[in-house]
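Here is what each chain is made of, one letter per residue.
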Amino acid sequence: MKRFTCDELVEHLTAYLDDALDTPARDAVRDHLSRCEGCGRYFDQYRATIRVLGDLPTRPLPPETRSRLLSTFRTRRADHLTDG
């Protein structure tokens, strides 16, 4: 069975919660969470945050904010692709 480091586990939590991992990766996340107290606490906090934020009303972003965010994401992605 694959074993995740704590850093790898954090990278996979969203996919785990979305049920988007294959069976070996999902089993590895469960195994790590069962053995690592720190990651177990982090996971519980992560889920609690999702629950709380999921209950907040959504408001659309102002157009200028959306535009700035998208521009920043595109720039960072382009920088990441050229660095990689």
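Topic: unusual backbone geometry
Piece 1. Backbone geometry at Asp19 places phi at a positive 55°, although glycine is not the residue there.
Piece 2. Within the fold, Asp19 resides in the loop between helix H1 (6-17) and helix H2 (23-35).

Quick look at the environment of Gln45
Piece 1. The residue Gln45 is located in helix H3 (residues 37-54) in this model.
Piece 2. Taking the C-alpha atoms as reference, Gln45 lies 31 Å from Thr75; in sequence the two are 30 residues apart.

As for the confidence of the model for the chain
Piece 1. Residues of the chain with pLDDT of at least 70 account for 98%, and the chain-wide mean is 90.
Piece 2. At the low end of the mean pLDDT range in the chain sits helix H4 (residues 63-83), at 86; at the high end sits H2, at 95.

Observations regarding H3
It helps to recall that an α-helix has 3.6 residues per turn; residues three or four apart then point in one direction.
Piece 1. With 18 residues, H3 extends 26 Å from end C-alpha to end C-alpha; this agrees with the ideal 26 Å at 1.5 Å per step.
Piece 2. The set of residues buried in H3 consists of Cys39, Gly40 and Phe43. Along the long axis of H3, the arc covered by the buried residues comes to 105°, so they all point the same way. Of the exposed residues in H3, those oriented more than 90 degrees away from the buried face are Glu37, Gln45, Val52 and Leu53.
Piece 3. Packing partners of the buried residues in H3 comprise H1 and H2.

Some remarks on a nonpolar patch on the surface
Piece 1. Together, Val52, Leu53 and Leu56 line one region of the surface with nonpolar side chains, adding up to about 300 Å² of accessible area.
Piece 2. Here Val52 is to be found in helix H3.
Piece 3. On the basis of relative accessibility, which here comes to 55%, the residue Val52 falls in the exposed class.

Regarding the nonpolar core
Piece 1. By size, the foremost hydrophobic cluster in this structure holds 12 residues: Phe4, Leu9, Leu13, Tyr16, Leu21, Ala25, Ala28, Val29, Leu33, Cys36, Cys39 and Phe43.
Piece 2. Among the elements of the structure, H1, H2 and H3 are those that each provide at least two residues to this core.
Piece 3. Ranked by residue count, the leading element in this core is H2, at four residues.
Piece 4. In this structure, Leu9 is in contact with Phe4, Val29, His32, Leu33 and Cys39, ignoring residues within four places of it in sequence.

A word on the pattern of salt bridges
Piece 1. Per the counting criterion, the structure on display carries five salt bridges.
Piece 2. Close ionic contact of Asp19 with Arg26 constitutes a salt bridge, the shortest N to O distance being 3.4 Å.
Piece 3. With a relative accessible area of 54%, Asp19 lands in the exposed category.
Piece 4. A salt bridge links Arg35 to Asp31; the shortest N-O distance between them is 3.1 Å. Here Asp31 and Arg35 lie together in helix H2, a separation of four residues that amounts to about one turn.
Piece 5. Judged by relative accessible area, which is 46%, Arg35 ranks as partly exposed.

Reading guide: rules and limits
Residues numbered from 1 in each chain as written. Predicted model: local features only at pLDDT ≥ 70, side-chain atom pairs only at ≥ 80, totals over all residues. Heavy atoms only, no water. Helix = DSSP H or I, 4+ residues; strand = E, 2+ residues; numbered from the N terminus. pLDDT = per-residue confidence, 0-100. Expected span 1.5 Å × (residues − 1). Buried < 20%, exposed > 50% of the residue type's maximum accessible area, 1.4 Å probe, protein only. Arc of directions from axis to C-beta. Contact = heavy atoms within 4.5 Å. Patch = residues over 30% accessible without salt bridge, like charges linked within 9 Å, V, L, I, M, F, W, Y side chains within 5 Å. Areas by Shrake-Rupley, 256 points an atom, 1.4 Å probe, with all protein chains shown as cover. Salt bridge = Lys/Arg side-chain N within 4 Å of Asp/Glu carboxyl O. Core = buried A, V, L, I, M, F, W, Y, C linked by side-chain atoms within 4.5 Å.

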